[in-house]
Amino acid sequence: MTYLSSNQLKQYDDEGFVSPINIFSKEKAKEIRNEIELIEKEMPSELEKSGRYNAHLISPLLDEVTHNSKILDAVQSLISENILVCGTTLFIKNPNEKDFVSYHQDAKYIGLEPHNWVTAWVAITDSNENNGCMRMWSGSHKDNLKDHQQMFNEGNLLTRGQTVNNVPKEKTIPLILKAGQMSLHHPKVVHGSDLNKSNDRRIGFVIQSYIGSNVKQVLGKNSVQIARGKDDFNFHEKIPRTKSLMNKNDIKLKKQENDYLQKIFYNGSSKKGSY
Ligand SMILES: O=C(O)CCC(=O)C(=O)O
């Protein structure tokens, strides 16, 4: 059992995140990295652009992470025992590229209401200040949703380059993780990440997000898997877990889910400006 301690719950309430939490060994993380890199080798465009969503549908090891009981114990401490998973994202930053993530609030664009959900960022490689780990604006989850600018800027890993301006960098805290550790963050905490200045990849596997069964998708449609407990509300279609690597039917299902997600993330908007 790895339910959150009272100190961890206090950190989440006060700061909008809890980190680090040990989940699996670095050897297991390496095995998962190898599986991701095998998919990249066998199917070069499968995990690129919108393909980075829902890789757990075609990778048994990422499926195992998504349904990992240690992660679910921690998540249960925050959103109670009926837990659905409505998507995952691979956030990969290669060395010598311009990838970064602008400061944003997930709740601004993900369409999940009410905010009975949490995002788990699982480190498949070490993640630190040199390779562009996430940085959190501590306490910012206590404010309302903020105006975001859609920047569509080069290197920004967010679909529309959604950006909260004037974030006080000195109040942001780097979430330094070893491979096999994770952080959990609140839907409204402002966060982002800088460039990878190292000479290796930084790989984060993000369960985005674990939602309570009472949570609806108000901007479109996404399907779910039951991760723990039961679904009394039935707001979402259920999809199966994968049983084998790069299975043809699973690849089709991933494409369908990613098309749904693209609609939500773009939300009809392809113009620069504030929203
Ligand atoms: O991986 C990153 O650098 C950012 C990830 C992120 O924004 C998120 O998990 O919500």
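In what follows, the structure referred to is the one given above.
Just so you know, the residues in each chain are numbered from 1, in the order the chain's sequence is written. Owing to the predicted nature of the model, reporting of local features is limited to residues with pLDDT of at least 70; listing and counting of side-chain atom pairs is limited to 80 or more, with chain, interface and lining totals taken over all residues. Note: side-chain values were computed over all heavy atoms of the structure, leaving out hydrogens and water.

So, about the site of the ligand. Neighbouring the ligand are Phe 91, Val 101, His 104, Asp 106, Trp 121, Met 134, His 185, His 191, Ser 193, Arg 202, Val 206 and Gln 208. Side-chain polar atom of Arg 202 to an oxygen atom of the ligand: 2.8 Å apart, as the coordinates give it. Only the protein chains shown count as cover for residues, with accessible areas throughout obtained via the Shrake-Rupley method and a probe of 1.4 Å. In the complex, 100% of the free accessible area of the ligand, which totals 290 Å², lies under the protein chains. A run of DSSP states H or I qualifies as a helix once it reaches four residues; a run of E qualifies as a strand once it reaches two. Both are numbered from the N-terminal end. Secondary structure elements with two or more residues in the shell around the ligand: β4 (101-104), β12 (191-193) and β13 (202-212). Broken down by element, the shell around the ligand gets its largest block of residues, three residues, from β13. Of the residues assigned to the shell around the ligand, the class counts are five nonpolar, five polar and two charged. Note on definitions. A residue lies near a molecule or strand when any single heavy atom of the residue is within 4 Å of it. Polar contact is the term for a pair of N or O atoms within 3.5 Å; when the atoms are in protein, one must be able to donate a hydrogen and the other to accept it, and sequence-neighboring residues count only if both atoms are side-chain atoms. Any residue that is not Ala, Val, Leu, Ile, Met, Phe, Trp, Tyr, Cys, Pro, Asp, Glu, Lys or Arg is counted as polar, Gly included; the first ten are nonpolar and the last four charged.

The pairing criterion for strands is at least two bridges between them, as found by DSSP. In space, the four strands of this open sheet follow the order β4-β12-β7-β10, with antiparallel pairing throughout. Two strands lie at the open edges of the sheet, namely β4 and β10 (172-174), each paired on one side alone. Mean inter-strand twist for the sheet, computed between neighbouring axes without regard to direction, equals 25 degrees. Bridge count between strand β7 (residues 134-137) and β12: three bridges; the pairing is antiparallel. Within β12, the position partnered with Arg 135 by the bridge is Gly 192. A fitted line through C-alpha atoms serves as each axis, taken over the contacting stretch for helices, and the angle formed by two N-to-C directions is quoted from 0 to 180°.

With that settled, consider the pattern of salt bridges. The rule for a salt bridge is simple: a side-chain nitrogen of Lys or Arg has to be within 4 Å of a carboxyl oxygen of Asp or Glu. Evaluated as defined, the whole model comprises 20 salt bridges. Among the ionic pairs, Glu 40 bridges to Arg 201, the shortest N-O distance being 2.8 Å. One end of the pair, Glu 40, is in helix α2 (residues 26-42); the other, Arg 201, is in the loop between β12 and β13, and 161 residues separate them in sequence. Through salt bridges that share partners, Arg 33, Glu 37, Glu 40, Asp 200 and Arg 201 make up one connected network.

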